[in-house]
Structure formats: C-alpha cells, structure tokens
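# Close look at the chain arrangement
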Amino acid sequence: MESAKIARLTSFLKSIKEKADYLYVVGDLYDFWFEYRKAIPKISLKVVAGLCQLVESGTVVRYFTGNHDLWQDKYFVEEVGVELYHEPASVVHNDLKLFVAHGDGLAAGERKLRFIKKIFKNRQNIFLYRLIHPDIGIPLARYVSGRSKAKGKNPYIVQYREFALKKLEDGFDAVILGHSHEPVLECSGSKYYINLGDWVTCFTYLQLTEKSFNLKTWEVPDET
Ligand SMILES: [Mn+2]
C-alpha cells in the first residue's frame, strides 16, 4: 500500500473511533497476506495499529477474508483482536438480516476459482508452503496473487447481482459484497444489494445507521 492510501485509510479508521459499534472489513485489505508460524509479511504497521486502536476503543471489528488475503490465520485474531470470517456470513444489525461476503466464488460461472481456492486453503499445502523461506515465499505468492487481479471490469458482475437477488428473495434484507471494485447500492422496496467498491480508486464505505444504508466516499479531512 502506498503512503497516500495508508494515510487515507488510517484517517478513516481514526474518524470512526468511539463512534462505530461495528466495522466490517470485507476482504482484500492487502494485495497479499500469508502467515508463517513465526513471520508475517512486511505490511503497513499504521493500518494494523489503526485497527488495534479501533478494537481498544470498543468497536467490534469483523474481518472477512478475500481472495488476496485468504491465508489470514491467527495473527489478526490474537494481536489485533478482530473476529475472522473465512466464509460468507449471515448477521443481524438493527433487526436487519444481512448477508456479508467478499464475493469471490459466488458467481455461478466461477468454478475454476472455487477449485483453486480449495487447493490454496488445503492445510497440508499451507504447511508445505511454509517451508519456503519468507523472502522467497512471500514475493512468489504476491506475484501469483498479482496475476489473479482482474484486468479491467470483473466479468462476473452480472452473476454476483443474480446471486444477491436470490439471497434477497430467500429473506435477507441486504446483501453486501466487495471484490468487484464497483460500488453499487441498489434498493428495491426495503431490500438492498450493495457492493462496497474499493479503496484503490473509489475509497467508498457503507454506513448503516438505524435502518438506512449510505454508501459514502471518504475524503481526507483538510487539516489546515
Ligand atoms: Mn477480491
């Protein structure tokens, strides 16, 4: 993460301190994450510290892993105090039933990705990968992870929406996804399909107050 983006993200984390009851991080916070037993990637300490301070202030932080950080293990749980979700989850806030997921693999057409994820998440494969020295293993996995970045528009955007509409029919009040980088807030009656966008170019976040959803863009406050 480059410094301007780190500053933008940490200023956001600071702004919700003592205000937000919950923060959901819906995956791919980092381009890449892999945990060894005694080593972690050299990632921005400022972001980790920002999350720590948020947890200490009383905000419950729930971290859903994405396709770039699916190897999250115990570090964020033990050191930061986040609640970690490796799978989509159903949660209730303000009497609203929400379906939350990063989104990768939910489109009907993503069979290949679902298969690769199984291999990546296999405990034995993870054990073997940990035998590679971090100075080799981390850049290698980062390279593979970088190659998986969609060039241009995600081809499954229509299918993610179809998946979401089915969930809404099944009784959810809102479906909240990430992954596609395209912010969406679609309302039909009292039901919502939301995509959180990203913090690469959009800097969007969703705010739930009582029963209303607001998809907002975070601008760094002018300190002069
Ligand atoms: Mn993703």
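For the structure, check the block above.
Reference entry: report on the structure contained in this document. What you see is a predicted model, and the numbers here were worked out from it, not measured in a lab.

Now for the overall build of the protein. Of regular secondary structure, the protein possesses 7 helices and 10 strands. By the compact-globule yardstick of 17 Å for 224 residues, the protein fits well, its C-alpha radius of gyration being 18 Å. Judged by the C-alpha coordinates and their principal axes, the protein covers about 55 × 50 × 30 Å. In the protein, which comprises 224 residues, the proportion classed as buried is 26%. Long-range contacts, defined here as pairs at least 24 residues apart, represent 62% of the contacts in the protein between residues at least 6 apart.

Counting residues in hydrophobic clusters, the biggest one holds 32 residues, and the most contacted among them are Phe64, Val100, Val175 and Ile176. Secondary-structure elements contributing two or more residues to this core are α1 (3–16), β1 (22–25), α2 (45–56), β2 (60–64), β5 (96–100), α7 (157–169), β6 (174–177) and β8 (191–195). If one sorts the elements of this core by residue count, β6 sits on top with 4 residues. Non-local contacts of Ile176, meaning those with residues more than four positions away in its chain, are made with Val26, Leu98, Phe99, Val100, Ile194, Leu196 and Leu206.

Bringing the sheet that holds strand β7 (residues 184–188) into the picture now. Strands pair in a sheet through their backbones, by hydrogen bonds, and they do so in one of two ways: parallel or antiparallel. Spatial strand order, β4-β5-β6-β8-β7: 5 strands in an open sheet with mixed pairing. Both outer strands of the open sheet, β4 (89–93) and β7, are each paired with one neighbouring strand and no more. When strand polarity is set aside, the average angle formed by the axes of neighbouring strands in this sheet is 20°. Both β5 and β6 contribute to a ladder of 3 bridges, which runs parallel. Along β6, the bridge assignment pairs Val100 with Ile176.

The next subject is the pairing of β5. Across 5 bridges, β4 lies against β5 in antiparallel orientation. Within the sheet, the bridge partner assigned to Ser90 lies in β5 and is Phe99.

Now for the environment of Lys211. Along the chain, the position of Lys211 falls in the loop between β9 (204–209) and β10 (212–217). The class for Lys211 is exposed, based on 12 C-beta atoms found within 10 Å. Residues Lys211 and Tyr192, spaced 19 residues apart in sequence, show a C-alpha to C-alpha distance of 11 Å. Once residues lying within four places of it in the same chain are set aside, the contact partners of Lys211 are Asn94 and Leu96.

Further remarks concern the pairing of β1. As paired elements, β1 and β2 share 4 bridges and run parallel to each other. Opposite Tyr22, over in β2, you have Val60 as the bridge partner. Between the parallel pair β1 and β2, the chain is carried across by α2, and the sense of this crossover is right-handed.

Right, let's talk about α2 for a bit. Taking 1.5 Å of rise per residue, 12 residues should cover 16 Å, and α2 covers 16 Å from first to last C-alpha, within 8% of that figure. Within the sequence span of α2, burial applies to Gly50, Leu51 and Leu54. Down the axis of α2, the buried side of the element spans an arc of 95°, and every buried residue falls inside it. Facing away from the buried surface of α2 by more than 90 degrees, the exposed residues are Leu45 and Glu56. Packed against the buried residues of α2 are α1, β1, β2 and α3 (75–80). Trailing α2 by a residue or two, Gly58 shows a phi angle of about 110°, which is positive.

Packing of α1 against α2 leaves a shortest axis separation of 9 Å and a crossing angle of 5°. What the angle tells us is that α1 and α2 run roughly parallel. In contact with Ile6, Leu9, Thr10, Leu13 and Lys14 of α1, α2 contributes Lys46, Val47, Gly50, Leu51 and Leu54. Considering only residue class, the contact of α1 with α2 consists of 6 nonpolar, 2 polar and 2 charged.

What counts as what
Residues numbered from 1 in each chain as written. Predicted model: local features only at pLDDT ≥ 70, side-chain atom pairs only at ≥ 80, totals over all residues. Helix = DSSP H or I, 4+ residues; strand = E, 2+ residues; numbered from the N terminus. Rg over C-alpha atoms; globule rule 2.2 N^0.38 Å. Buried ≥ 20, exposed ≤ 12 C-beta atoms within 10 Å, placed from the backbone. Contact = placed C-beta atoms within 7 Å. Core = buried A, V, L, I, M, F, W, Y, C linked by C-beta atoms within 7 Å. Pairing = 2+ DSSP bridges. Axes fitted to C-alpha atoms, helices over the stretch in contact; angles between N-to-C directions. Right-handed = clockwise from strand over helix to strand, strands pointing away. Expected span 1.5 Å × (residues − 1). Arc of directions from axis to C-beta. Parallel < 35°, antiparallel > 145°, perpendicular 65-115°, else oblique. Nonpolar A, V, L, I, M, F, W, Y, C, P; charged D, E, K, R; others polar.

This is a description of form; function is not addressed.
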